[in-house]
Amino acid sequence: MKFFIDTASLDQIKEAKDLGILDGVTTNPSLMAKEGITGYDNIMKHYKDICDIVEDGDVSAEVISTDFNGIVEEGMRLADIAPNIVVKVPMIKEGIKAIAHFTEIGISTNCTLVFSAGQAILAAKAGATYLSPFIGRVDDINWDGVGLIEEIAEIYSIQGYETEILAASIRNSKHIVDSARAGADVVTCPLDAILGLLKHPLTDIGLEKFLADYRKGNQ
Ligand code: E4P
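Residues numbered from 1 in each chain as written. Predicted model: local features only at pLDDT ≥ 70, side-chain atom pairs only at ≥ 80, totals over all residues. Heavy atoms only, no water.

A short note on the pattern of salt bridges
Turning to step 1, where the next piece is worked out: Enumeration according to the criterion identifies 11 salt bridges in this entry.
Turning to step 2, where the next piece is worked out: Residues Lys97 and Glu94 are paired through a salt bridge, measuring 3.9 Å at the closest nitrogen-oxygen approach. Of this pair, Lys97 and Glu94 both sit in helix α5 (residues 93-104), three residues apart, roughly one helical turn.
Turning to step 3, where the next piece is worked out: One salt bridge connects Lys174 with Asp178, and the closest N-O pair in it is separated by 2.8 Å. Residue Lys174 and its partner Asp178 are located together in helix α9 (residues 173-182), separated by four residues, close to a single helical turn.
Turning to step 4, where the next piece is worked out: Salt bridges sharing partners connect three or more residues here, namely Lys209, Asp213 and Lys216. (Salt bridge = Lys/Arg side-chain N within 4 Å of Asp/Glu carboxyl O. Helix = DSSP H or I, 4+ residues; strand = E, 2+ residues; numbered from the N terminus.)

Below you can see the structure in the form of C-alpha cells.
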C-alpha cells in the first residue's frame, strides 16, 4: 500500500519525505487555503514546490472548474507543471467526461469526493488512475467509511478494474490500518496519523529497559 500525505504544508511534506516512506501528496483547495496559498500564480508555484520535494511521487492538484471545457483547460495547465502531477477531478457528470478525456490523452487523474460504490464504478469505467473515497466524512454521517473501501475493493477485484483505491479523509492511525486490511491501494493521511502508527507503550517501556540495562553494564 502506498502512503501519500494529505497536506499543502511544505514542512510536513518534507518531514514525511525524510521518514523515507512517502509515495506522494494529495492537496485540495481547502488545504491550499489553510496554508495561505491564494492567487493563480502562487498556487501554480506551490504545486511546483511540492513536486520538487516529492521528486517522482504522484502529486494530486485539484481543478476548481465544474464544466467539461474548464476542467480540461485547467487540468492541462496543471499537468504541464511537472510529469508527476495527477489532475484531481470531482465526481460530477462533467468530471467523469473530463476523466475519460484525460484517460484518452494519457493524463493521470484522481477522481475525488467519492462516497458510494456506484460512483466508484463510474470513475473506473472512465479510466481514473486513482479513486478517492472520503472515509472520514462517511464516518461523520454515521455510515461506514472503511466498509465502503471494502465494497469498492471487492467490486474492482471482481471486475478487474485497474483504478487504484486511494482511501482519503483519513482522520487517525486506525483508519490507515483498517484501510490496508480493506484493500486500499493507497492511503492519503495527515502527518499525525502517519506518525501515530509508531506509537505503542510496550515499545517505549521495552526500549527504556534495554537502554537502562546497557547503561548498568557499561558504566
Ligand atoms: C483527499 O484527497 C482530500 O483532500 C482529503 O482527504 C479530505 O479530507 P477531510 O475530509 O479531512 O477534509
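Next comes the rest of the description.
As for unusual backbone geometry
Turning to step 1, where the next piece is worked out: The residue Glu55 is not glycine, and still its phi comes out positive at about 60°.
Turning to step 2, where the next piece is worked out: Along the chain, the position of Glu55 falls in the loop between α3 (40-54) and β3 (58-62).
Turning to step 3, where the next piece is worked out: Judged by its relative accessible area of 53%, Glu55 falls in the exposed class.
Turning to step 4, where the next piece is worked out: A positive phi angle, near 55°, is found at Ser169, a position not held by glycine.
Turning to step 5, where the next piece is worked out: Residue position: Ser169 is located in the loop between β7 (164-167) and α9. (Buried < 20%, exposed > 50% of the residue type's maximum accessible area, 1.4 Å probe, protein only.)

The quantities given are spatial measurements derived from coordinates; they are silent on function.
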